[in-house]
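# Descriptive structure summary
What follows is each chain in one-letter form.
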Amino acid sequence: MLEHRPIRNCILIPYKDSVEQLRDCLQMLMPQLSIETAIILVDDGTSMDQSGLKRYFNNTKITVMRNHVSMGPAFARNKGIEWCREHGVEIVLLIDSDCVAEKTWVQEHLRLHEKYDDVVCIGGSIKGIGHTIWAYIDNIASWFTSIPGAPQRVVGKIYHIPTTNMSFKLPRLPMKGKLFNSALRTGEDVEFVHRILDAGCKIIFSPEPLVYHMDRNRLTDFLKHQYRWGLHTYSLRFGRKQWGKIKRTLFALGFFFMIPIFSVLSSALNIYPYLTISIKYLLYLPPLLLLYMYKGIGVFAGTMNPSLALYKHGLGNSPNEVRCDGIRKGSRQELPTSYSCSDEET
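Here's what I pulled together on the structure shown here. (Residues numbered from 1 in each chain as written. Predicted model: local features only at pLDDT ≥ 70, side-chain atom pairs only at ≥ 80, totals over all residues. Heavy atoms only, no water.)

What follows concerns the overall build of the protein. Looking only at helices and strands, the protein features ten helices and nine strands. Among the 346 residues that make up the protein, the fraction classed as buried is 52%. Relative to all contacts within the protein whose residues are 6 or more apart in sequence, the contacts with residues 24 or more apart total 78%. For the protein, the exposed area adds up to about 16400 Å²; of that, 57% sits on carbon and sulfur atoms. (Helix = DSSP H or I, 4+ residues; strand = E, 2+ residues; numbered from the N terminus. Buried < 20%, exposed > 50% of the residue type's maximum accessible area, 1.4 Å probe, protein only. Contact = heavy atoms within 4.5 Å. Areas by Shrake-Rupley, 256 points an atom, 1.4 Å probe, with all protein chains shown as cover.)

So, about the pairing of strand 6 (residues 119-129). For strand 6, the buried fraction is high: nine of the eleven residues fall into the buried class. Inspection of the sheet shows strand 6 paired to strand 9 (residues 202-214) by nine bridges, in the parallel sense. When the sheet's bridge partners are listed, glycine 128 is paired in strand 9 with histidine 213. As paired elements, strand 6 and strand 8 (residues 165-169) share three bridges and run antiparallel to each other. The partner of cysteine 121 across the bridge, within strand 8, is phenylalanine 168. (Pairing = 2+ DSSP bridges.)

Orientation of helix 7 (residues 219-238) relative to helix 10 (residues 285-304), taken along the N-to-C sense of each, is 45 degrees, at an axis distance of 7 Å. On the basis of the axis angle, helix 7 is oblique to helix 10. Two packed elements cross with a definite hand, and for helix 7 against helix 10 that hand is right-handed. Taking contact as the criterion, the partners of Phe222, Leu223, Gln226, Tyr227, Trp229, Gly230, Leu231, Thr233 and Tyr234 in helix 7 are, on helix 10, Leu291, Tyr294, Lys295, Ile297, Gly298, Val299, Ala301, Gly302 and Thr303. Partitioning the contact of helix 7 with helix 10 into residue classes produces eleven nonpolar, six polar and one charged. (Axes fitted to C-alpha atoms, helices over the stretch in contact; angles between N-to-C directions. Parallel < 35°, antiparallel > 145°, perpendicular 65-115°, else oblique. Left-handed = near helix turned anticlockwise from the far one by under 90°. Nonpolar A, V, L, I, M, F, W, Y, C, P; charged D, E, K, R; others polar.)

What follows covers helix 9 (residues 259-275). Spanning 17 residues, helix 9 covers 24 Å between terminal C-alpha atoms, matching the ideal 24 Å at 1.5 Å per step. Along helix 9, the residues that are buried comprise Ile259, Ser263, Ser266, Ser267, Asn270, Ile271, Pro273 and Tyr274. Next to the buried residues of helix 9 lie helix 5 (133-142), helix 8 (245-257) and helix 10. (Expected span 1.5 Å × (residues − 1).)

What follows is about the packing of aromatic side chains. Here the structure, examined in full by the defined rule, presents eleven aromatic pairs. Both rings, one in tyrosine 227 and one in tyrosine 294, keep their centres 5.8 Å apart while their planes meet at 45 degrees; by these two values the pair is tilted. Highlighted residues: tyrosine 227 in helix 7 and tyrosine 294 in helix 10, separated in sequence by 67 residues. Of the residues examined, tyrosine 227 reaches a relative accessible area of 25% and is grouped as partly exposed. (Phe/Tyr/Trp six-rings, centres within 6.5 Å; stacked < 30°, edge-to-face > 60°.)

What follows is about the nonpolar core. If you look at the biggest cluster of nonpolar residues, it comprises 47 residues, and the most contacted ones within it are Val92, Phe168, Leu179 and Phe192. A per-element tally of this core places helix 3 (residues 73-86) first, with five residues. If we ignore the near neighbours within four places in the chain, the residues touching phenylalanine 168 are Ile81, Glu90, Ile91, Val92, Leu94, His113, Val120, Cys121, Leu173, Leu179, Phe180 and Phe192. (Core = buried A, V, L, I, M, F, W, Y, C linked by side-chain atoms within 4.5 Å.)

Bringing the pattern of salt bridges into the picture now. In this structure the tally under the stated criterion is twelve salt bridges. With a shortest N-O distance of 3.5 Å, aspartate 43 and arginine 66 are connected by a salt bridge. On the criterion of sequence distance, the pair formed by aspartate 43 in strand 2 (residues 37-44) and arginine 66 in strand 3 (residues 62-67) is long-range, its members being 23 residues apart. On the basis of relative accessibility, which here comes to 3%, the residue aspartate 43 falls in the buried class. As a salt-bridge pair, aspartate 198 and lysine 157 come within 2.5 Å of each other at their nearest N and O atoms. You can see aspartate 198 sitting in helix 6 (residues 188-198) and its partner lysine 157 sitting in the loop between strand 7 (153-154) and strand 8, a full 41 residues away along the chain. Under the relative-accessibility criterion, aspartate 198 is labelled exposed at 54%. With a relative accessible area of 40%, lysine 157 lands in the partly exposed category. Residues joined by salt bridges that share partners form a network here, namely Arg77, Asp96 and Glu188. (Salt bridge = Lys/Arg side-chain N within 4 Å of Asp/Glu carboxyl O.)

Taken together, the side chains of Arg185, Lys224, Arg228 and Lys312 present a region of like positive charge at the surface. The residue arginine 185 is located in the loop between strand 8 and helix 6 in this model. Overall, arginine 185 belongs to the partly exposed group, its relative accessible area being 35%. (Patch = residues over 30% accessible without salt bridge, like charges linked within 9 Å, V, L, I, M, F, W, Y side chains within 5 Å. Lys, Arg positive; Asp, Glu negative; His and termini not counted. Charge placed at Lys NZ, Arg CZ, Asp CG, Glu CD.)

Here we take up the pairing of strand 1 (residues 9-15). Of all the seven residues making up strand 1, seven are buried; the element is thus mostly covered by neighbouring parts of the structure. Judged by which residues are buried, strand 1 turns out to be covered on both faces: Asn9, Ile11, Ile13 and Tyr15 on one side and Cys10, Leu12 and Pro14 on the other are all buried. Taken together, strand 1, helix 1 (residues 19-29) and strand 2 constitute a β-α-β crossover, and its handedness is right-handed. Bridge analysis of strand 1 against strand 4 (residues 91-95) gives four bridges, and the strand direction is parallel. (Right-handed = clockwise from strand over helix to strand, strands pointing away.)

By themselves, these are just geometric observations and shouldn't be taken as functional.
Next up, the structure:
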């Protein structure tokens, strides 16, 4: 049983119905496990047959946790983090179930944590895999903060790192409660990074820990994903302000007429990291401009109706009672609004 092993590092993988992709993910991870490293799988309400994963479920280095109904990846990660805290895990590595890690992925993350003791969180590079034009654009639009071969850098709030390829020193995190905002359908990794930075903690990106992500080949899947990212912008950026319906509507209407400017600025931020590698990426600028126009419509819709960006379990009696962390105002469960990287757990 894992409880009797000196587990120091834990790879946390939430999944839902992505059984074949998860099998490929585990196939590359298993040879990388040492006696101090284990895997936590959190099944977020999978309805598909999982018999093909039986040999992994029976492995003593893997612990499986399950949600009977889907609560979202952030909720699943929080569930796995609780297990890690209970078992004294020091370093948590995050990867998505639709990713395949490079054969030195675990080793590189652990090496970087040992090398940079003052760094709390580390993000690695992500290479999108796909065979259609939509997958290529998805790669450019989704992973511009995690480009393979890009130079190592200190992470700020503009170019954040995603949970698709991330690791952190769990006891050193400034947040002692739930790490991820389980109310948000998307964008919980952005908020997680911002909370760490607000506490004065250091985050770095390094290209060495590399994963391959299965990007969206179909136009409908690609557009649906990008629209969802637009929906969370208001809840993530302004949700704590608790704007009333009138003020929120005025802001949304003002933004609607600014969507072309939003598209230009967002496309510029998106394409700039690629242009430092090669000028050829300018070819992607026209589709990015159109994409951010489309995403701007999602921002408008999410501002008019913030509940579109939230899971039902993140809602109170009305959308105005819900902060962006999904906890109702006045609830005893409210989290502190500020943290310090030097705070010690009590």
